[in-house]
Amino acid sequence: MALKSVCKLGLGMLLAVLAVPVRAATWFALGPYGGDARAFAADPGNPSHLYLGTDTGWMYGSKDGGASWTRIAHIAHRNDLVIDHILVDARNPRRLMVGAYCVDRPDGGLFISEDGGTTWYEQAQMHGQSIRSLARSESNRNMLVAGTLQGVFRSMDNGTHWTLISPSGSMELHEVESIAIDPSDPQVIYAGTWHLPWKTTDGGEHWVNIKDGIIDDSDVFSIIVDPANPQIVYASACSGIYKSVDGGALFKGGVGVNKGQGIPSSARRTRKLAQDPQHLNTVYAGTTEGLYRSIDGGDGWQRMTSPDIIINDVYVDPKDTNHVLLATDRGGVYSSFDGGVTFLPSNTGFSAQQVAAFASDPRNAATVHVGLVNDKETGGVFTSRDGGVSWQQNSYGLGGRDVFSLATTSDGTLLAGTGHGVFRLQDGQWTDSSGLEGATAAIPAAPSQDPPPPPAPHVRPTSGRRGRPVPHKLVPRKTVPVKALPVVKRLDTVVYAMVTNDHETFAGTSDGLMRGDASGGNWKPVASLPMPETRFIALQKSTVMAATLKRIELSMDDGATWDPVALPAELTQIASISMDGMNNLWVGGREGVFYSTDYGMSWKTLHNLFVTQVDGLFYDALGHRVLVTASNSTFAFVVRLPDYHVSFFDAGWNLRFVRPVGDHLIGATLYDGMVLQPRMVDSGFGETAAAK
C-alpha cells in the first residue's frame, strides 16, 4: 500500500503539503509526541504565547496556551544543551534569552534572539559558562543575573555585557543552581548553590550564607520571593521546602516539618517552586515525585499527581490561575484547568522521544511500529496506521521497559526486544515471550501493572484543549497482583536486534545469539556460535550475518555452522550491518560504508558515497536499494541495486535510520522522534558510482 493512498484515511491535505521537491523541504516531524520538557516562559503581554525548552537544545513555541507546540529553533545546532531558563523581554517580546548547560561537562552559554526565536547568537562573555539559573529584576528591567558553576554574573544593560559579582575563585559561592531578585530592590539577590543559599544586599559587594534553619549540605534548587512582601522567601532543597518571613535570616520547614505536612522526605527533590500570582498563599512544588500544592503559604501540602511524575517546571497562567502547566521528564507537557486537580497531556507538536527500533506490518505498508528508550511508562511501543502521521501508544504489559528492537513474524505478530527479554503483542497487550526451551524453573511474578486497559488500544491524548479528551486525574497507580507463570526460566537479557522468517526468529542479545521459533518463543542459544553480546543480525533466506562491535560471523546454512569474516581494514568499530538480495554484505561505522560481493573475503567502498559516522544500514527489498544514515549528517543516502547508483535526500535532521513506507521514507531522529519525507525526488550524484 503506497503511502499516497493513505489520503483515504483523511490525510490528503497533509500529503498535498508534503508533495514538494526534496531539495527544498525539510522532512516533517510527526511524533510520537512527548519526551523530556524542561522549562517554560511566557510573553508578559500575552500569557498564551509560551516558549518551551528541552534537554536537546530545541526551543518550542505555543500560541494557544500550551495546547499545541511548534519547533522554533535548535539553539547553536547542538543536541547537548539543556535549556532550563528562558527570559522574554516585556518591553520587546521579540528579544529572548536562553541560559543553557551540558549535563556531562562544564559547558553551555547564554544565547540571544532578537526576532522571536527564529535566529540566535551567543553572548561572547558567557561563552562556555554552564548556566544553571537566570533571572530578570522586576524593578530594573535592564538588570539580569545568571548563576553558573563559577558563580553569580550580572548584566546591567539587558544582557549585552556581564560581570562576575560573586568572589572570584570562591570555594563556597559557586555551582549556583537557583537565583532570585527582590522585586522591590535589585541590590538584594538570593543565590542557591549545591551547598546552601546565599544573599547579598549590596549588589554583590558582600555575600552572606543564609543557612539558619536549613539542614547542612542542602542543594538549593529553587528560590522565590513573594512579590507583595519581599521578606517572605521560599527555598526548596534536597532536604525539603523552607520558608522565611524575615528575608532569609531564619528558615523554617525542611524534612522534619514537611514530612508531617504532606511532602515525604524520601529521595524527593523539589526542582521548581511557583506562586499563584493572584493568590499568593497558593504555592506549587514541582518535585521528582509529582506535584504538590499548598493553599496556606507553605504550612501544609497536598500531592496533586501520581508520584511517578518527575516535574522540571511549573507555569501558572497569570490571567487564569486555574490553568497550570507542568514540564516533565518523559511525559512532556501536562495541562490543568482546575488548579492542578486534573491534568491532560498537552504534547501536540512536541516530540523529544528517542526511537531505537522500527518494524512494519508486512500486510499493510501504512502500519508501522517504533520502540522507545528512556521513557519508562510513557514510552514503550507506538503504532501508526497512516504511515507515521499519527501515533498510538501500545505499551501495556511492558512494565516501562526500554525497547531496543522490534520484529514482525510471518503471521503479523509484533515482537519487542527489551532490556529484559522478548515480549509478544496479543489482543492489544504485551505478554512475556522469553521462555527458554525446556525451562522448568518458575518465572517470578511480573512487576505490578496498571489496571487492565479498555478493550481498544489506549490512545495517548494529543491536545490540552478543554473538553477534548476527558481530563483524568494523575493519581497513584493501583497495584494489581500478577500470578507467576507456569514456565519460568527465561531470556532475561538485553535484546539488541531481532530478525524473523517463516520458521524461526534470531535475537542478538547481551548473552549472545539466540534462536526462537516462528512466533518468537522457546528460545535457546545458538551453540554453534559462541559470540558474546551479539549486537547486530542480518538475514537473507538461509544466510545469517551476526556481529559484535568488533567481529562478524557468517552462516550459509541457517546458523548450523559459522565462518569468521575479517572486518574492512579501515573500520575500527561496527555500528550497523545489512545484507542485500544479491547476498552482498554491508557494514558501516565511523569510517564509512563498506560492502563485499564475495562473502567478506574482500571489501569495497563507493566513490560517490561520502559519508562517515554511519549508524544505519537497511536493505529495502521492494525498492532494491540500501538505505544509509550517519549521525553527523542530515542526509539520507540511497544505493540503488544492481548498478550501485548513489542518490541522497536532505532530511534536515541527523538520523539514526530510515525505512521505506510506501513511496516515502520515514526516519528516526537522534532525540526528536520520527520524521516523514516529502514526496520523493531523486537527488542523485549523477552517474553510477564505481566501486574501488
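None of the values given here were measured: they were computed from a predicted structure.

Rules used in this analysis
- Residues numbered from 1 in each chain as written.
- Predicted model: local features only at pLDDT ≥ 70, side-chain atom pairs only at ≥ 80, totals over all residues.
- Heavy atoms only, no water.
- Phe/Tyr/Trp six-rings, centres within 6.5 Å; stacked < 30°, edge-to-face > 60°.
- Helix = DSSP H or I, 4+ residues; strand = E, 2+ residues; numbered from the N terminus.
- Buried < 20%, exposed > 50% of the residue type's maximum accessible area, 1.4 Å probe, protein only.
- Lys NZ or Arg CZ within 6 Å of the ring centre and 35° of its normal.
- Pairing = 2+ DSSP bridges.
- Axes fitted to C-alpha atoms, helices over the stretch in contact; angles between N-to-C directions.
- Salt bridge = Lys/Arg side-chain N within 4 Å of Asp/Glu carboxyl O.

Regarding the packing of aromatic side chains
Given two aromatic rings, their pairing is described by the distance between the two centres and the angle made by the two planes.
Item 1. Counted according to the given criterion, the structure contains nine aromatic pairs.
Item 2. Both rings, one in F358 and one in F657, keep their centres 6.2 Å apart while their planes meet at 65°; by these two values the pair is edge-to-face. Of this pair, F358 sits in strand β32 (residues 354-361) while F657 sits in strand β57 (residues 655-661), placing them 299 residues apart in sequence. The same class applies to F358 as to F657, namely buried.
Item 3. With a centroid separation of 4.9 Å and 20° between ring planes, the pair formed by W586 and Y595 is classed as stacked. Comparing W586 with Y595, the two get one shared label, buried.
Item 4. Cluster of aromatic residues (ring-pair linked, three or more members): F40, W69 and Y315.
Item 5. Positioned above the aromatic ring of Y101, the side-chain terminus of R132 is 3.9 Å from the ring centre.
Item 6. Directly above the aromatic system of Y496 lies the positively charged group of R535, at a separation of 4.3 Å from the ring centroid.

Here's the deal with unusual backbone geometry
Item 1. Along the chain, G31 connects to P32 via a cis peptide bond; the corresponding omega equals 5°.
Item 2. Positionally, P32 belongs in the loop between β1 (28-31) and β2 (34-35).
Item 3. Not every positive phi belongs to a glycine, and N522 is a case in point at roughly 55°.
Item 4. Within the element layout of this structure, N522 appears in the loop between β44 (512-517) and β45 (524-525).
Item 5. Phi is positive for E533, close to 45°, though the residue is something other than glycine.

Quick look at the sheet that holds strand β52 (residues 592-596)
Item 1. Judged by pairing direction, the sheet is antiparallel, and its three strands sit side by side in the order β50-β51-β52 without closing on themselves. With one partner strand each, in any of the chains shown, β50 (574-579) and β52 form the two edges of the open sheet. The mean inter-strand angle of the sheet, taken between neighbouring strand axes irrespective of direction, is 20°.
Item 2. The pairing of strand β51 (residues 585-589) with β52 spans five bridges and is classified as antiparallel. When the sheet's bridge partners are listed, G589 is paired in β52 with G592.

Quick word on the pattern of salt bridges
Item 1. Under the counting rule described, the total for this entry stands at 22 salt bridges.
Item 2. For D361, the salt bridge identified is with R363, shortest N-O distance 3.1 Å.
Item 3. Using a relative accessible area of 12% as the deciding quantity, one classes D361 as buried.
Item 4. Note on R363: relative accessible area 59%, which makes it exposed.

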